[in-house]
Structures are given as structure tokens and as C-alpha cells.
Amino acid sequence: MGTTQNGIMWFFRDKGFDDKSINDMFKKCKRLECVERERASENWAYLKTVGIQERKLPSVISKCPKILTLGLHEKLVPTVECLNTLGTKPGEVASAIAKFPHLLSHSVEEKLCPLLAFFQTLGVPEKQLGKMILLNPRLISYSIETKLTEIVDFLASLGLARDGVIGKVLVKNPFIMGYSVDKRLRPTAEFLRSIGVTESGIQSVAMNYPDVLCRDVNKILRPNFAYLQSCGFGDGQIATLVTGYPPILIKSVQNSLQPRIKFLVEVMGREIDEVTDFPDFFRYGLKKRLESRHKVLKQRKLDCSLNDMLDCNQKKFRMKFGLV
């Protein structure tokens, strides 16, 4: 073992790494063998000054050992300074690095600048650009030509090619870009069509609840659909519910849908069909909104639609029913 490698071994042991982790890092990054202990120590110390907690550093380095081999002033500092210009809140850059340490190994000129330009052409406002990248730093590793362009083309195929709309979808859920169009996004859109959601309904899902498109049809959407059928909703009613409140297809049946439907029928004594006129019923907190307001109305022997009962803040609710 050369003296350089010996030095870096001691550096790792000193930082609490076990032999297995050290071997894994050497396999991941051949350049580690030639790194001087001083450089590794300097880079390690610099990452602490950026705001990464000492206890998180071993995990950051074992994910991307290459960080210890990069020139501090030639590469690390300029990359972090560039990322700092994207951040608005303290700690955002440190948190992005901890999430995806490879962020520091990508080139600002070759990867980050073209990525920012790509999002700008989609109409993403400047102050949202940084937010997206720091929220999902893995974006820097995606190919614009293959992966990102494919996602944009898919969203355009749903009829979202109007000014800046695709940019808004991506800002709302930057993680959508990590999914495969063929394996995940297209099958979800097809499933929504198959249950009777119209094209404009699918556009509305993409614009307002893009995370619905990211869920697995067979594991999540189909079981939720089957549950709604088992409650006695007809297919047309389910299409109405999904269009009105798309997350109904991805909310937990056990923890979210079931308790609300049970409360509606058994406690409120209402017909199940009432929710098709007001799908937002599933949006509201069971204890905070449903139970507390039902209790007030019951005490006063007041009758009203779900919409009147729920679709207003506490102050308006009290005024509406003369409770002030």
C-alpha cells in the first residue's frame, strides 16, 4: 500500500469509517488512492462550513467519495457559490448536498447552466428555478436530451403545451421528472382515461395534483378505485369524484377514505351519493373540520349541504349559521 493510500486509510479510520465502508469507497472511486490526506481533510472541513452536520458527513462521503478528490478552490467552492445563488433559505444548499452528494461532482458549466436554461425556456420563473433544483438535486444528473425532453413531450401530449403550463407542473412537483414515461406516467394517464376521466380532467390532474400521475396504477390507483366501487359508487360517480378531487385515488383507504365515508354514513346519517356533489369532502380533516362542525350543527338541529358545512373558514362558518 502506497504512503498516499495509507494516509487516506488513516483519515477514514479517524473519521469513524469501518473497513467495509472504506473498501466500498475505493471501489466506487479509483481516484481516492491518489488523494493526499491534507486535501481530504480540507474538503471535509469545508463541507462543515457549508452547513453539513458532522454526523451526516460520513453518509455524504460514502455516497460520493469523489468529493474528497476535487480541488477545493478550483471546483468545490465555485460549485457551492453557484448553488448559493439559487437558494433563498439558509440551509437549503447543505440539505440538497446531503440529499444528493453527487450534486458537487457535476460541472456547473456543462450540467447546471444548460439545466437552468432548459427550465427557463419552459417558462419557469427565475426564483423558482433554484427551488426546484435544491428540492430535487438529482435533476442535475438527468440528461436533458433524453430524459427531461421526454417528460416535457409527454406533458405536451396531454394538451399542456400552452404558455408556461409545463413549467408550472414541473415546479409544483419536480420529482415527476424522475419517473419513467413508459413505465409510470403514461400508464397512469391511460388508467384515468379508462375510468372515465376526460382529457380536460387529466390536464387538471397534471396541473394541480401531478403527484397522482407518479403513483403506481396496480399498487395504489386500482385498489382505491375498487374500494370506491365496493362502497356502492357507480363508475360515472367515481369519475366525478376523481375529477373533483384527484388525490382520492392515492389517499390511504384505511386511514383516510374509510373513516370519512364511515363518518358520513354512520354518524352524519347522510347518503353516500352526497359526496359526488362535493368531492372536496375528502380533503378536510376528520377531527378538525368534519367532526367539530357536525357536532355544532347537530346541537343546533341545523341542516345543510356538505358544501355549505365545509367549504368556508371557521369565521365564515360561524357567521353563516348565526353562531357569532
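Worth saying up front: this structure is predicted, and the values here are computed from it rather than measured.

Reading the values: the criteria
- Residues numbered from 1 in each chain as written.
- Predicted model: local features only at pLDDT ≥ 70, side-chain atom pairs only at ≥ 80, totals over all residues.
- Heavy atoms only, no water.
- Helix = DSSP H or I, 4+ residues; strand = E, 2+ residues; numbered from the N terminus.
- Buried < 20%, exposed > 50% of the residue type's maximum accessible area, 1.4 Å probe, protein only.
- Axes fitted to C-alpha atoms, helices over the stretch in contact; angles between N-to-C directions.
- Parallel < 35°, antiparallel > 145°, perpendicular 65-115°, else oblique.
- Contact = heavy atoms within 4.5 Å.
- Core = buried A, V, L, I, M, F, W, Y, C linked by side-chain atoms within 4.5 Å.
- Domains from an automatic or database assignment.
- 1 Å grid on protein atoms, 1.4 Å probe; cavity = no way out; pocket = protein on both sides within 12 Å on 5 of 7 lines; lining within 4 Å.
- Points joined across faces, edges and corners; volume = space filled by probe spheres on them.
- Nonpolar A, V, L, I, M, F, W, Y, C, P; charged D, E, K, R; others polar.

Draft legend 1. Representation of unusual backbone geometry. For Lys301, which is not glycine, the phi torsion reads 55 degrees and is therefore positive. Mapped onto the fold, Lys301 is located in the loop between helix H18 (286-299) and helix H19 (306-310). For Lys301, a relative accessible area of 76% translates into the label exposed.

Draft legend 2. A look at the packing of helix H9 (residues 144-160) against helix H12 (residues 199-208). With their axes 9 Å apart at the nearest point, H9 and H12 run at an angle of 135 degrees to one another. Judged by the inter-axis angle, H9 sits oblique to H12. Facing Leu158, Gly159 and Leu160 of H9, the residues of H12 in contact are Ile202, Gln203, Ala206 and Met207.

Draft legend 3. Region of the structure containing the nonpolar core. Phe12, Phe119, Leu170 and Met177 are the most contacted members of the largest nonpolar core, which totals 116 residues. Ranked by residues supplied to this core, first place goes to H9 with eight residues. Two domains each provide a minimum of three residues to this core, namely domain 1 (1-104) and domain 2 (284-323). Once residues within four sequence positions are removed from consideration, Phe119 is found in contact with Val124, Leu129, Met132, Leu139, Leu148, Leu170 and Met177.

Draft legend 4. Region of interest: empty space enclosed by the protein. Taken as a whole and judged by the stated rule, the model has one cavity of 30 Å³ or more. A volume near 30 Å³ is recorded for the largest cavity. Lining the largest cavity we find Thr79, Leu83, Leu103, His106, Ser107, Val108, Leu112 and Ile140. Looking at the lining of the largest cavity, the elements with two or more residues in it are helix H5 (72-86) and helix H7 (108-121). Classifying every residue of the lining of the largest cavity gives five nonpolar, three polar and no charged.

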